[in-house]
Amino acid sequence: MSSTAQTEKPVSAAPLTAGHQAALAWLETGPKRLLIDGRWVDAVSGKTFTTFDPATEQALVEVAEADSADVDRAVVAARKAYEQPSWTGMSPHARTRLLLKIADVVDQHAEELAVLETIDSGAPIASTRARSVQVAEIFRYYAGWPTKIFGTTNPIDGARFLYMLREPMGVCGLINAWNVPIVMAANKIAPAVACGNTLVLKPAEQAPLSTLRLAELIEQTGMPPGVVNIVPGYGATAGAAIAAHPDIDKVAFTGSTAVGRAILQASTVNMKKVTLELGGKSPNIIFPDADMDLAINAAVSTFCRNSGQICSAGTRLFVHESVVDEVGERVTALAAGYKVGAPFAPDTQLGPLISERQMERVLSYVDAGREGGAKLSLGGSRVGNVGYFVQPTVFAGVSNGMKIAREEIFGPVLSIIGFKDENDAVLQGNDTEYGLAAAVWTRDVSRAHRVARSLKSGRVWINTYAEADPVMSMGGYKQSGYGRELGMESIEAYTQTKSVMMRL
Ligand code: NAD
């Protein structure tokens with residue numbers, strides 16, 4: 001739909017694929033339960049919560065609501081599994097085959113998983129189809145690792161023998177956000193399993209369905225009971241119980257910086273090892289010698305992707321002052337043509353935000369931008385009156401000190417900021433409490449690498465934005481995180497080393 005048209009009902013907007021029918025049939029099977037010790041069970045309290053379609057505001061299905069009693073059960077199951085020979089004795093080759101089977105089963109159910117992710121989170125179907133492909137790739141990438149995780153033999157004087165073993169962490173507590181739920185689940189489950197851990201995962205309460213279905217599929221591959229446990233529920237109860245649990249050895253969290261801070265504090269109860277993937281306010285820097293068509297396309301797609309609900313979105317667009325007006329006009333014109341609409345329409349580029357609360361929050365930042373003196377050159381309003389759709393929104397003439405340039409908005413809102421020279425671009429780009437991602441656009445190779453080195457950020461792209469690969473780690477400088485995820489760095493994060501010395 002255009003910015004003025006009404007929202008279509010996503011479930012009926014397009015002819016149903018077989019995968020779409022399978023997803024709807026799965027929803028029809030009734031309330032979703034917790035996965036504990038290889039069985040699907042109700043919460044101890046008997047409570048459930050409702051998950052909603054953010055495009056239609058309609059209730060989708062009831063989901064069992066885990067709290068601390070359920071987290072306790074799941075941790076007991078995970079601990080037991082961690083000590084069973086069926087898991088600890090499983091050869092690295094067998095773990096590789098298991099992960100490859102998961103990748104295959106994801107491929108077989110790719111459309112169904114994409115549809116569930118779209119219904120539950122509002123992300124356009126074209127992007128959730130790409131997520132299914134990405135999830136299978138993540139499992140295949142980590143399937144290659146179990147046979148390559150090894151220690152070292154360390155040089156020492158001849159009377160002694162010293163070697164280092166690399167071992168799993170144990171029971172891992174995994175807590176995810178709602179914006180790309182199935183990819184975040186794969187980012188954590190695949191390396192945790194590859195390294196021989198067991199796990200208790202809490203998906204976000206706003207969009208738990210694709211993770212639950214993925215877990216069902218994982219159970220079909222012969223995963224020993226208790227290795228993968230799933231406990232949907234709220235952050236203040238189930239999430240906090242994971243963070244503070246005395247028998248969880250490691251926590252991996254993706255979400256806001258504020259909650260990340262609380263998790264780090266709670267982890268001190270037993271000195272859990274912690275990795276945190278947090279928020280961002282990423283600089284995207286365009287020099288006048290850039291390939292402007294590519295740079296402008298990426299500048300728009302990065303702040304519109306997933307309706308701006310992406311941690312690494314390039315929401316601060318820095319443009320050299322000699323071209324800032326021209327680039328601003330072209331960015332605005334391109335973004336104005338982006339289609340906001342029903343997530344199942346094949347040409348939709350922006351679906352709804354996840355919730356009314358998130359929509360209100362984003363719109364309040366639009367007010368803050370206006371009040372702060374920035375020029376609203378596009379958008380700024382809700383679209384329609386059903387579903388949480390917001391127009392692509394562009395502010396020009398922003399200064400890096402304004403609220404809209406400092407705080408993570410997590411919606412389709414771009415701030416365009418001018419810079420004088422390379423030094424100024426780097427200084428302003430780094431002038432933020434975050435440091436998750438950044439990009440630089442220039443044809444000057446030396447400048448590209450100089451700027452990439454100077455940016456304080458866990459990921460930097462040169463002449464591209466947001467390209468990902470399981471090999472490429474991500475994580476935050478400053479308050480964007482703690483540790484890294486993906487690539488070899490997840491292997492390090494899900495293992496610990498032991499030095500063994502022997503006197504000969
Ligand atoms: P959030 O921090 O509110 O919630 C994330 C998860 O933490 C949810 O599962 C929630 O239930 C749980 N939680 C909430 N309070 C908790 C508590 N006290 N103890 C334990 N768990 C708790 O974040 P959100 O609004 O769901 O997600 C948006 C945020 O996530 C943004 O800041 C975004 O930048 C960030 N994010 C980061 C990455 C990354 O890789 N760095 C990726 C995606 C999203």
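Okay, so let's go over this structure. (Residues numbered from 1 in each chain as written. Predicted model: local features only at pLDDT ≥ 70, side-chain atom pairs only at ≥ 80, totals over all residues. Heavy atoms only, no water.)

Turning our eyes to something else, we now look at the sheet that holds strand 18 (residues 413–419). An order of 14-17-18-13-12-19-20 is seen for the seven strands of this open sheet, with the pairing classed as mixed. Of all the strands in the sheet, the pair left with one neighbour each is strand 14 (375–378) and strand 20 (459–462). Ignoring which end each strand starts from, the neighbouring axes of this sheet average 20° apart. As paired strands, strand 14 and strand 17 (residues 393–396) are joined by three bridges and run antiparallel to one another. When the sheet's bridge partners are listed, Leu-376 is paired in strand 17 with Phe-395. Together, strand 12 (283–286), strand 13 (316–320), strand 14, strand 17 and strand 18 form the strand contacts of helix 12 (residues 324–336), whose direction differs from that of strand 18 by roughly 165°. Against the sheet, helix 16 (residues 445–454) contacts strand 12, strand 19 (437–441) and strand 20, and its axis sits at roughly 165° relative to strand 20. (Pairing = 2+ DSSP bridges. Helix = DSSP H or I, 4+ residues; strand = E, 2+ residues; numbered from the N terminus. Axes fitted to C-alpha atoms, helices over the stretch in contact; angles between N-to-C directions. Contact = heavy atoms within 4.5 Å.)

Where strand 3 (residues 48–52) lies against strand 4 (residues 59–64), five bridges are found, and the strand directions are antiparallel. Bridged to Phe-49 within strand 4 is Val-63. Adjacent in sequence and paired antiparallel, strand 3 and strand 4 are bridged by six residues, among which Glu-57 carries a positive phi angle near 65°.

With respect to the helices and strands, Pro-288 occurs in the loop between strand 12 and helix 11 (292–304). According to the relative accessible area criterion, Pro-288 is partly exposed, its value standing at 37%. Taking the C-alpha atoms as reference, Pro-288 lies 54 Å from Leu-35; in sequence the two are 253 residues apart. Filtering out sequence-adjacent residues up to four positions away, Pro-288 remains in contact with His-320, Ser-322 and Val-323. (Buried < 20%, exposed > 50% of the residue type's maximum accessible area, 1.4 Å probe, protein only.)

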